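# Geometric and topological summary
Spelled out, the chains give:
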Amino acid sequence: MASGPTHNHILSTEELYVCKQDGNATDCLSCDRTFDAVCSGIHISFSLLFSLVLLMLGCCTQLKHYSLKILVPYRGHNFKWIVTALLSFTLLCAVGEGVLTDLSVNSKTRPLMYVPQAAALLCSVISLVYYHHMEYWNRPKLAWLSLLYWTCAVSIEVVRLLNFVEEVRFDFTILKLNVIIICISIYTLLVLFDLYILWTKVFRYSNDKKEYTADFKKTNMFYLYNFNSLLSKSMFSTLNWLFVLGHKRPLEVTDLGCLPEDFSCKKIYRKFEDAYEAEKERANKLHKTPSLWRVYLKAYGSIIFISVFIKIVADTFMFIPPLAVGGIVSYATKIYYNEEHATAKECHMTVQEFFSNGFVLIVVMFLAVVIRGILVQYGGHMLDWVTIYSRTAIQAATYEKSLRLSTWMSSNGGMTTGQITNHMSVDAMALHWLSQSHLWLWAVPYQVFGLLALLYVKMGVSALIGSSLLIITFPVQLKLTNTISRLQDTLLKISDSRLKKIKELLQGMKLLKLYGWEEMFCSAIEVVREKQMKSTMKVGASMIAMRVTSDTSYFMVSVISFLVYSFISPVPLTPDLVFAALALFNQLTLPLLILPHSLNFVANAFASVKRLQQFFISQEIKEQDNGLLPLRRGFNYITTSEEFDDEGRHVQDGDGDMIYHLSRSRCPNGGLYDEYTCFATTSTSSSRPNQNYTTSDNAGENYGTFTSDTSLNDSLDNRVPEHIALKITDGIFSWDHDGTVPTLRDINCEIHVGSLVMIIGLVGSGKSSLLSAILGEMSTIHGSVQFTREKSRVSYVPQKAWLQNATLRDNILFGQEFDLKRYNAVIEACALQPDIDILPAGDMTEIGERGINLSGGQKHRVSVARAIYSKTDVVMLDDPLAALDVHVGSHVLEKGIMDMLVREGRTVILVTHQLQNLNYANKVILMEGGRLSQEGDLNEIRARDPVLFATWQETIRVLTESEMESDTDDHFVSDTEKERVDLYQQISKIETRETKGSDGALIEEEERERGSVSWRVYLAYAKAIKYYRVILILLLSTAQAAALILSNFWLSAWSELGVDTANKTQDEFDEESSFYRRGYTILSLVFFALTVAVFTTLILSGISAAKRLHLALLRNIIHAPLRFFDTTPIGRILNRFSNDTQLIDQKLWTTWMSLLYTGFLCLSALVVNAIVTPVFMIAVVPLIVIYYIVQKYFVETSRELQRLESITRSPFLAHFSETLGGLPVIRAYRDERRFKKRLLETIDTNNVVQMYVLSSYRWLTVRLEILGGFVILLAGLGSLLSCILADLQPSLVGLAITFALSICGQLNWMVRMVAECEMAMNAVERVVHYSQIPIEEYRGVYSPPADWPNRGHIRFENVSVRYAPDLDPVLEDVSINITPGEKVGICGRTGSGKSSLTLALFRIIDTFKGRITIDGIDISHVSLLTLRSRLVIIPQDPVLFAGTIRFNLDPYCSKSDEELWEALEIAQLREVVASLDNKLDSYVSEDGDNFSVGQRQLFCLARAFLRNAKILIMDEATASVDMETDAILQNVISVAFAHRTVITIAHRIASIIDSDSVLVLSEGKVMEYGSPSTLQNQEGSAFASLLKKRL
């Protein structure tokens, strides 16, 4: 080793100016001091002048009140900033050159060697401030002053150039000459730029239009990225207010405001639509499918190209720091070993000499890191725009397509609701991630090949041999990526199956609890979950291999390269070579880690695009010129509230489109419309000829009318007479357009305007299909359906009621204007006022998803009210009266249908099973087997088929007598009253819990997490992992970091061996080299083994924890009391099993893995620098403080932004799902405009949050890149000064800087992982919360015999029950005795406790006093599952599960086929099932949608027959079947259950008149109990009074 460094020279003699002549350096460095002083004075004077002008304008004029935060950049704004930044860098080099020259002279300092350049640098910076205010204040005349300065600067540099050339000569290797030429060029460009500003802004020689007008009108637009300077945009300073606010309090959506017009869903879709239409036209010419890739590039290709260019430029800067490390270490080596020698041959410092100085290289490295970080984020943010654009466009296009999708395609045509929803969510997000990651497909090859080329230059063939490991591992990583992707697909399918079963479990929870089937369904879910966990374990194993190969490949490449180099190279390893190469190897980490994931995103995007392409060309409903209003395409006709003036008139939109109203005539393209608004868009109307329809705001006021101009309609050949509302001619209809067997055939009928038409027929005869055919939901194979154009507005009530998640009033208004008088009349006609009185906020009460907080009858009455309120011409009602009791049904028929619809002259088509109402009809249509069997009024049918009419008369007579309602008696309750009791009880539960009771929300609001996650959640997750595993993971991670540090210190010592070889023999050198090789190899293998151990332990622990958390959640949920499901939406519970579980299954452990890895890597860098340069820790403390503040602000804000993003994402997905469920209704009402507008609002709201989420990461990364740059600067300066002043070895200088370089990217990633980890832990918090809710007591103390109950003897002994401990009793001191085989009917007024008594029998509600015995056994001593499995109930609402018919009848597979067929025959379903291809193994779709409501009810009856229980509870089980089938079933039931105890909740007198006993309840107490005959003869009997009134 040399004697030590020389400390009296900071600069080597290579950097001295050497005079051409043999004079001394002082003579060579002499210059014209007067000229330099004048130059300095000019620059300083203009600096003061710029500052003075700004000060005067800002303080002494009206501009002092100018406080807008918006800056409209001039054209060439970016050019100005970039050129001035280049000028500043050039002048910085000039200052450095002057300082180094001054330091190299062993005489007194000469400031004029660098002061002029420093003054010019200062003035260039102030000129940017000056230009910024010129733009901000929009004062272009200020450019006169800057023009004068740039002109002077050019003159100065020209004079300087002439003097320099005269003194020396042209030699471009001299730094000073290059600086002068570059300055002249830049000053000239700046002169031209100011002339351009004056020309365009002052002299107004420009035709530029005003931009951003629409944006400036938005008072709540806080996203001002495009309205700021380039520096502000590069630093994302416009988000500073957001992080300050997020630190003060949790953010709300309203805090974020809105986005500029360019990010509105409407404008984004318009651009996508234009591109798609152009591509469709091209594809049609070539007879090909339109390519979404071409659309993607056409719409966003320019932005992508610019971002790719910026990325390539930024990646060029990444090559600078590794090369600088080598130069710095080489510089330190020369100083440490005193290897100074003068080699300069010129009088002036050359470029090479300047950039070989260690201190210069440190500054260059700092600037390279910072500039690259800024450029990457700037270009990446442009891709964030593409991310928003592509996702929004796909979502809007999917919604638009869904509104026109044929019913067959959305049900049985291969596109289920879930698949279509996946297009909106999964496929749109696939393009989202593609936009975020495809940049790496361009950048990675450039980075890898560039780094390998530099490695080859440094190490020769050794680097290529080591890098060959990359060639081996890359295919392995690609294979692992494909394997993971394939496993993820399998995992997704299994997860879908699991979620489907969980959804069925939740939707059918009441039935499952009543039947005691929850454990069976839980076991089925656990089986699927076990399969999912096995697949997850395979994914985990592949992920272990992926992370090991990616995270250790760069390390092993360096190990192999250094080992090979030490064997084959004649030149030993030296610190400058080792650490330059090591820095280059470290740079390979990120591209090699990201490329497989990017390829995976691309593969997913290709699969999604393929699915989307097929979806966009899928079959739509076939619209014909049948008199109905056409469905409108696109979003252009949709206007937001901002596009109306104070009087509600349309105004010109932001694109300059002229919007105008026309009454009934032709649109500019010749199309027809009625009361529509035509939009003549100046740029796009020609490309969208079918998209210029929109309903006017007052269209509903004069429903069914036209203006006087009807000449065009008169010319139509297919026009029907005005007295005909609709006409079907030779109609043959099918759900499947390509189907061979039509659903309906030979349909011919005419329906007159203002008539009431009733359609009747057996279950499955085609009644509902006929309505669908009229609405155009079915494919017309032959014939036609024609409406009278003047009377063609339609409202529709489907058989399965569809409600929106909105207030009850909004569900009735359905977009119509509020008319109080008409509204009250509709409420009265539909008997809704008593229900509204119960609701906490009246008709402003919010109705939950799918009307979850209303009963079936209430939902149907709301649907009927909607149809009545709408001012339409034709009203189609698909059997809504079946869900109502006879009294309310009659009320709705008389008050609603007859007194309102018919009296208003509206045409009504009513599907019904209630033959007693046929006398109201003007026409009756009888459907049989898909054909129209009979048609006419009752007199015509009686004359045509007397036998049929006589059968109807008899059925009507019997049912009329049996179904007389007890509206005159307080002790007999109807279905409607029962519904109101249930609703009242639900409200009571909620209000008792002090939840929302007056703001209109019936469903308990889900709490939004605020602040950081509690330490208890982390403890719960650690418990799920197991505490000893957590400790093991931390120990292994610490050992891994220690191994990495030791291996690098070992490498540092090894490299130092190659510097001082003069005092060693070859044998000694070889022996020491062999020692270092062995040690380095061992440490590298230890690091590799520990990496494998860390990843394996962490991943396996994370998966096992996910398994435990899901199991605890599932078992707790299925054991929760039924009231929990009454007050908690299914979607909220399902979210725990879907999104939250997915986060825990797949993301949480990967996040923790990345967090631990990056955290320990950053800690390692700090430890290494602290060891190498202890003073570094003192200098880095302020940076650590700043880092803590930045990450704290970011985590607090990002956490809330992520939550808001999740919150705002749910509404548009819920709206989309809601729309899919109500497509026939929306299309029938032609109300797609309102629903599209709602979609625009929800997507725009989500886009606001999404943009801030993406921008917040850019804000963070830029700041952490700058912090990382300062860490590198401090590490470099500290280590280099330590080398000069404290004998620090050059190898340790390289080690410190190399670790500092590695920390730069890891700081950003670690903060991201902290935020991601906290968000993922929120999922654990929610899952743990639902795993701890109170559950039912399932255990029992007594096991009854296997045949219990074998008699059916039931005793209630002083029983009192309540729904919850904090609620009042609903039954008090009830004592009754039901003998074996007895038939008991229960009746009573509203709230008397009838349903509560049956629920107490199943222990659904709490029996807090007394006891209930069955066959002498106290049911509280029997386990719940045993009790519920020995009883049977037939509920009013039918529930079927997805699966086979066999599974729905006998889920335990304990019955023979003969028994199943016998049950089906009893339930009148044998013929239906026998006609199916797979008979008992035929598939039942989700919710049983492939069967009618009546058929579903019959399946439930068959299921009950198979139970063979001794005790049966019936709750009006035949409400949804036709009268003929009902009569047959009543007879069958009386025979089939002759020897069983039957308890019937009475809704009709016929249900209890033949009972052995009648129980009359009042206010939860027994009022009467005895046989009907006894009670009939009892004086003062309520039951006797009821019978007398009936007779």
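Residues numbered from 1 in each chain as written. Predicted model: local features only at pLDDT ≥ 70, side-chain atom pairs only at ≥ 80, totals over all residues. Heavy atoms only, no water.

## Some words on the overall build of the chain
What the chain contains, in helices and strands, is 51 helices and 23 strands. Buried residues in the chain amount to 57% of all 1591 residues. Sequence separation of 24 or more characterises 82% of the internal contacts of the chain that already satisfy a separation of 6 or more. A total of about 64800 Å² of accessible surface is found on the chain, and carbon and sulfur atoms cover 58% of it. (Helix = DSSP H or I, 4+ residues; strand = E, 2+ residues; numbered from the N terminus. Buried < 20%, exposed > 50% of the residue type's maximum accessible area, 1.4 Å probe, protein only. Contact = heavy atoms within 4.5 Å. Areas by Shrake-Rupley, 256 points an atom, 1.4 Å probe, with all protein chains shown as cover.)

## Side note on the packing of helix H3 (residues 77-104) against helix H6 (residues 175-202)
Where H3 meets H6, the closest approach of the two axes is 10 Å, and the angle between their N-to-C directions is 155°. As the angle between them shows, H3 and H6 are arranged roughly antiparallel. The chirality of how H3 crosses H6 is left-handed. On H6, the residues touching Phe79, Lys80, Val83, Thr84, Leu86, Leu87, Thr90, Leu91, Cys93, Ala94 and Glu97 of H3 are Leu175, Lys176, Val179, Ile182, Cys183, Ile186, Tyr187, Leu189, Leu190, Phe193 and Asp194. Here the residues of the contact of H3 with H6 are counted per class, giving 16 nonpolar, 2 polar and 4 charged. (Axes fitted to C-alpha atoms, helices over the stretch in contact; angles between N-to-C directions. Parallel < 35°, antiparallel > 145°, perpendicular 65-115°, else oblique. Left-handed = near helix turned anticlockwise from the far one by under 90°. Nonpolar A, V, L, I, M, F, W, Y, C, P; charged D, E, K, R; others polar.)

## Points about the environment of isoleucine 847
Structurally, isoleucine 847 can be placed in the loop between helix H28 (833-838) and helix H29 (856-869). Along the primary structure isoleucine 847 and threonine 807 are separated by 40 residues, whereas in three dimensions their C-alpha atoms are 5.5 Å apart.

## Some points on unusual backbone geometry
Cis geometry marks the peptide bond from tryptophan 1348 to proline 1349, where omega comes out at -10°. The backbone phi angle of aspartate 730 is positive, close to 50°, even though this residue is not glycine. Residue placement: aspartate 730 occurs in strand E3 (residues 724-734). Aspartate 730 gets classed as partly exposed once you look at its relative accessible area, which sits at 40%.

## Concerning a negative patch on the surface
Taken together, the side chains of Asp1067, Glu1068, Asp1070 and Glu1071 present a region of like negative charge at the surface. Checked against the element boundaries, aspartate 1070 lands in helix H36 (residues 1066-1118). Using a relative accessible area of 36% as the deciding quantity, one classes aspartate 1070 as partly exposed. (Patch = residues over 30% accessible without salt bridge, like charges linked within 9 Å, V, L, I, M, F, W, Y side chains within 5 Å. Salt bridge = Lys/Arg side-chain N within 4 Å of Asp/Glu carboxyl O. Lys, Arg positive; Asp, Glu negative; His and termini not counted. Charge placed at Lys NZ, Arg CZ, Asp CG, Glu CD.)

## Some words on empty space enclosed by the protein
If a probe as big as a water molecule is rolled over the atoms, it shows which places are left empty. One pass over the structure, following the stated rule, counts 11 cavities of 30 Å³ or more. Space inside the second largest cavity adds up to approximately 100 Å³. Every residue lining the second largest cavity is counted, 13 residues in all, and those nearest its centre are Ala94, Gln117, Glu157, Arg160 and Val179. Those elements that place two or more of their residues in the lining of the second largest cavity are H3, helix H4 (115-136), helix H5 (143-167) and H6. The greatest single-element share of the lining of the second largest cavity, amounting to 4 residues, is contributed by H6. Considering only residue class, the lining of the second largest cavity consists of 7 nonpolar, 2 polar and 4 charged. (1 Å grid on protein atoms, 1.4 Å probe; cavity = no way out; pocket = protein on both sides within 12 Å on 5 of 7 lines; lining within 4 Å. Points joined across faces, edges and corners; volume = space filled by probe spheres on them.)

## Section: the nonpolar core
If you look at the biggest cluster of nonpolar residues, it comprises 432 residues, and the most contacted ones within it are Phe562 and Met876. The element best represented in this core is helix H41 (residues 1232-1286), accounting for 24 residues. Here methionine 876 is in contact with Leu726, Leu771, Ile774, Leu775, Phe787, Val794, Ser795, Tyr796, Val797 and Ile909, once residues within four sequence places are set aside. Leu161, Phe164, Val168 and Ile180 belong to the second largest nonpolar core, which has 7 residues in total. (Core = buried A, V, L, I, M, F, W, Y, C linked by side-chain atoms within 4.5 Å.)

## A short note on the sheet that holds strand E13 (residues 1371-1378)
Taken together, 4 strands build an open sheet; the order of strands is E13-E12-E15-E16 and the sheet is antiparallel. Each of the sheet's edge strands pairs with one partner strand only, and the pair in question is E13 and strand E16 (1417-1418). With 5 bridges connecting them, strand E12 (residues 1354-1362) and E13 associate as antiparallel partners. Across the sheet, phenylalanine 1356 pairs through a bridge with isoleucine 1376, a residue of E13. (Pairing = 2+ DSSP bridges.)

## Topic: the side chain of serine 1101
Following the sequence through the fold, serine 1101 ends up in helix H36. The exposure class assigned to serine 1101 is buried, which follows from its relative accessible area of 3%. Apart from residues no more than four positions distant in its own chain, serine 1101 is found in contact with Ile1025, Arg1029 and Ile1033.

## Some details on the sheet that holds strand E22 (residues 1557-1562)
Taken in spatial order, the 6 strands make up an open sheet running E17-E20-E21-E14-E22-E23, and their pairing is mixed. A strand with exactly one partner marks an edge of an open sheet, and here the two such strands are strand E17 (1432-1434) and strand E23 (1565-1570). Each strand of the sheet is rotated relative to its neighbour by a mean of 20°, with strand direction disregarded.

## Concerning the pairing of E3
Relative to strand E4 (residues 744-752), E3 is paired through 6 bridges, and the arrangement is antiparallel. Looking at E4, one finds that lysine 727 is bridged to glutamate 750. Here E3 runs beside strand E6 (residues 779-787); their pairing, made up of 7 bridges, is antiparallel. When the sheet's bridge partners are listed, lysine 727 is paired in E6 with glutamine 786.

## Concerning a positive patch on the surface
A cluster of basic side chains, namely Lys500, Lys501, Lys531, Lys534 and Lys538, defines a positive patch on the protein surface. Within the residue set of the positive patch, elements represented by two or more residues are helix H19 (461-507) and helix H21 (518-568). The element that contributes the greatest number of residues to the positive patch is H21, accounting for 3 residues. Here lysine 501 shows up in helix H19.

## Description of the environment of phenylalanine 1402
Relative to the elements of secondary structure, phenylalanine 1402 occurs in the loop between helix H43 (1394-1401) and strand E15 (1406-1414). Phenylalanine 1402 sits 28 residues away from arginine 1430 along the chain, and the two C-alpha atoms are 9.9 Å apart. Every residue in contact with phenylalanine 1402, bar those within four places of it in the chain, is listed here: Leu514, Leu1424, Leu1427, Arg1428, Leu1431, Val1432, Ile1433 and Ile1513.

## Some words on the pattern of salt bridges
In total, this model carries 42 salt bridges according to the counting rule given. For the salt bridge of aspartate 255 with arginine 249, the shortest nitrogen-to-oxygen distance reads 2.8 Å. For the salt bridge of arginine 1339 with glutamate 1337, the shortest nitrogen-to-oxygen distance reads 3.1 Å. Its relative accessible area of 42% is what places glutamate 1337 among the partly exposed residues. Salt bridges here are not isolated pairs; linked through shared partners, they connect Lys513, Glu518, Glu1336 and Arg1428.

## Section: the packing of helix H13 (residues 320-336) against helix H42 (residues 1290-1330)
In the contact formed by H13 and H42, the axes pass within 8 Å of each other and the chain directions differ by 160°. One finds that H13 runs roughly antiparallel with respect to H42. Remark: the crossing between H13 and H42 carries right-handed chirality. Between H13, through Pro321, Val325, Ile328, Val329, Ala332, Thr333 and Tyr336, and H42, the contact on the second element is made entirely by Pro1290, Val1293, Gly1294, Ile1297, Thr1298 and Leu1301. In the contact of H13 with H42, the residues fall into 10 nonpolar, 3 polar and no charged.

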